[in-house]
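The chain contents come next:
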Amino acid sequence: MNDTAAGAALTAQSYKSSYKPIWCPGCGDYSVLSSITKALAMIAVPPEQVVVVSGIGCSSRIPAYTSCYGFHGVHGRALAAATGLKVARPDLTVLVTGGDGDGYSIGGNHFLHACRRNVDLTYIVMDNHVYGMTKGQPSPTTEPDWDSKLSPGGTGVRSFHPLVIALASGANFVEVLSPCVTFRPDQREWKKQVHPAPVAATDDPARAARRIMTDDGFNIGVLYAGNRSPYPMHRGSTQSMPSDLEAEFEL
Ligand SMILES: Cc1ncc(C[n+]2csc(CCOP(=O)(O)OP(=O)(O)O)c2C)c(N)n1
Ligand code: SF4
C-alpha cells in the first residue's frame, strides 16, 4: 500500500522512485529533482495524479526518478506530448522537465507554441548551456566564445535568451540554472555568482524582459508574476465519437 492509499501524509519521499539517479556527482539536476519532490509534497497532490513528461537528455531522466506517472519520449517533443495529455486529461497535474538542448534547440518550436497556448502545465528547464548527455556540444544558450574541444574558439553564435522569448510568447515559465559539472566545470562558480533579484517581481512582461536583458544573468527568484489565464480546457470541446467522424467523411 502506498502513502496515498494508506491516507498517510505525503512527504518528498512519497514522490521518489526506487531508482537511484545516475547523474555525475555534483550535477545540478539532483537539486531540481529534490525541489520537485518537495514542491509536490507541499501541494499534496497524490503521485498517481501527477504525470512527469520529458524528452531526451541527462535532465530528461527525471520522470524515472519519481513515483508519479511518467513519459520519457523522443528528443524535443516533451511539450507536444504534455499538451496533448493535459488537454485529454485536465484533471491531472502535468510537469514537463528537460534541458536547454531538448527544449530550445530541437524542441524550440514546441517551446514557442506552448508559451503561446499557455495550457496549464509546468515546464522546468535545467539550463546548463550545453548538451550534457551527448558529451558537450554547444546548445542555443551556450556563450558564443565558449571554447571547447567540440567548438574550438567558440561557435561565435549569439546565444538565445529563453526567458525573454518565453515572455514575448506569453508564458509563465520556470528556468533553472543547473550546472553541468562535467562538461562545463566553470559552472561550479554559479553557486557564488547567483544572488536574489534586487527588485520585486513585476506583472508587466515588457518590464520583466527589459530587466532580464540588462541584468547580469544571475538574478534568482521570481522575476515575473504574470496573470494570464491558462488556456480554457472546455473551449470548443464537443464530445464526438470516432463513429461520428467516420460518418462525416463517408463517401
Ligand atoms: C532526434 C534526436 N537527435 C539527437 C539526439 C541526441 N541527443 C540526445 S540528448 C541530446 C542533447 C541533450 O542536451 P540537453 O537537452 O541540454 O540535456 P542535458 O543532457 O544537458 O541535461 C542530444 C542531441 C537524439 N537522442 N534524438
Ligand atoms: S554530463 Fe553534465 S548534465 Fe549530464 S549528469 Fe553529468 S553533470 Fe549532469
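The coordinates are above.
Our subject in this report is the structure included herewith. Predicted model only: the values in this text are computed from it and were never measured. (Residues numbered from 1 in each chain as written. Chains lettered and ligands numbered in written order. Predicted model: local features only at pLDDT ≥ 70, side-chain atom pairs only at ≥ 80, totals over all residues. Heavy atoms only, no water.)

1. So, the overall build of the protein
Our working rule: Put simply, DSSP H or I for four residues or longer makes a helix, DSSP E for two residues or longer makes a strand, and each gets a number counted from the N terminus. We call a residue buried when its accessible area falls under 20% of the maximum for its residue type, exposed when it is over 50%, and partly exposed in between, using a 1.4 Å probe and counting protein chains only. Every residue pair with non-hydrogen atoms within 4.5 Å of one another is taken to be in contact. Method for areas: the Shrake-Rupley scheme with a 1.4 Å probe, in which residue coverage is limited to the protein chains shown. His residues and chain termini do not enter the charge count, which takes Lys and Arg as positive and Asp and Glu as negative. A single reference atom marks each charge: NZ on Lys, CZ on Arg, CG on Asp, CD on Glu.
Within the protein, the secondary structure is distributed over nine helices and seven strands. Reported as C-alpha extents along the three principal axes, the dimensions of the protein are approximately 60 × 50 × 40 Å. By residue count, 39% of the 251 residues in the protein fall in the buried class. By sequence separation, contacts in the protein at least 24 residues apart represent 65% of the contacts at least 6 residues apart. For the protein, the accessible area works out to roughly 14200 Å², and carbon and sulfur atoms hold 58% of it. Measuring between centres, the 21 positive side-chain charges of the protein sit 5 Å from its 22 negative side-chain charges.

2. Let's talk about the side chain of Thr-37
Of note, Thr-37 is situated in helix α2 (residues 29-43). For Thr-37, the residues in contact, after removing those within four places along its chain, are Ala-12, Tyr-15 and Lys-16.

3. Side note on the site of ligand 1
Short version of the rule: Any residue with a heavy atom lying within 4 Å of a molecule or strand is counted as near it. By the criterion applied in these results, polar contacts are pairs of N or O atoms within 3.5 Å in which, for protein atoms, one can donate a hydrogen and the other can accept it, and in which residues neighboring in sequence qualify only through two side-chain atoms. Gly is put with the polar residues, along with every residue not named as nonpolar or charged; the nonpolar set is Ala, Val, Leu, Ile, Met, Phe, Trp, Tyr, Cys and Pro, and the charged set is Asp, Glu, Lys and Arg.
If you check the shell around ligand 1, you find 16 residues, and the closest are Cys-58, Ser-59, Gly-101, Asp-102 and Gly-132. One nitrogen or oxygen atom from the main chain of Asp-102 is found 2.7 Å from an oxygen atom belonging to ligand 1. Relative to its free-state accessible area of 590 Å², ligand 1 is covered by the protein chains to the extent of 72%. Among the elements that make up the shell around ligand 1, the one with the highest residue count is helix α4 (residues 100-106) (four residues). Class assignment of the residues belonging to the shell around ligand 1 gives a composition of six nonpolar, eight polar and two charged.

4. Some remarks on the sheet that holds strand β3 (residues 93-99)
We apply this condition: Strand pairing is assigned whenever DSSP detects at least two bridges linking the two strands. The axes are straight lines fitted to the C-alpha atoms, using for helices just the contacting stretch, and the angles between their N-to-C directions are given from 0 to 180°.
Read across the open sheet, the five strands follow the order β2-β1-β3-β4-β5; overall the sheet is parallel. Because the sheet does not close on itself, it has two edges, and the strands there are β2 (69-72) and β5 (174-177). Within this sheet the neighbouring strands show an average axis-to-axis angle of 20°, counted without direction. One ladder, built from four bridges, connects strand β1 (residues 50-54) with β2; its direction is parallel. Residue pairing for β2: Val-52 is matched across the bridge by Gly-70.

5. Looking at the site of ligand 2
The environment of ligand 2 is formed by Trp-23, Cys-24, Cys-27, Cys-58, Asn-128, Gly-132, Cys-180, Val-181, Thr-182 and Phe-183. The residue inventory of the shell around ligand 2, partitioned by class, reads seven nonpolar, three polar and no charged.

6. Comments concerning the packing of helix α5 (residues 108-117) against helix α6 (residues 162-169)
As a reminder, the rule being used: Roughly parallel means an angle under 35 degrees; roughly antiparallel, over 145; roughly perpendicular, 65 to 115; everything else is oblique. By convention, the crossing between two helices is left-handed when the near helix turns anticlockwise from the far helix through less than a right angle, and right-handed when the turn is clockwise.
For the pair α5 and α6, interaxial distance at closest approach is 8 Å and the crossing angle is 45°. Taken together, the axes of α5 and α6 are oblique relative to one another. Relative to α6, α5 is oriented so that their crossing is right-handed. Across the interface between the two elements, Phe-111, Leu-112, Cys-115 and Arg-116 of α5 pack against Pro-162, Ile-165, Ala-166 and Ser-169 of α6. Classifying every residue of the contact of α5 with α6 by side-chain character gives six nonpolar, one polar and one charged.

7. Some remarks on the packing of aromatic side chains
Spelled out, the test is: Stacked, edge-to-face and tilted are the three classes for Phe, Tyr and Trp ring pairs, Trp counted by its six-membered ring, which pair at centre distances within 6.5 Å; planes under 30 degrees apart are stacked, over 60 edge-to-face, the rest tilted.
Within this structure, the stated rule accounts for six aromatic pairs. Judged by centre distance (5.2 Å) and plane angle (85°), the rings of Trp-23 and Tyr-30 are edge-to-face. Ring plane angle 55° and centroid distance 5.2 Å describe the contact between Tyr-104 and Phe-111, whose orientation is recorded as tilted. Grouping residues by exposure puts Tyr-104 and Phe-111 together as buried. By way of ring pairs, the aromatic residues Tyr-104, Phe-111, Tyr-123 and Phe-160 are connected into one cluster.

8. Some points on the state of the cysteines
Our working rule: Two cysteine sulfur atoms form a disulfide, by the criterion used here, when they sit within 2.5 Å.
This model, assessed by the stated rule, comprises zero disulfides. Cysteine Cys-68 is unpaired, with the sulfur of Cys-27 as its nearest cysteine sulfur at 20 Å. For Cys-68, a relative accessible area of 10% corresponds to the buried category.

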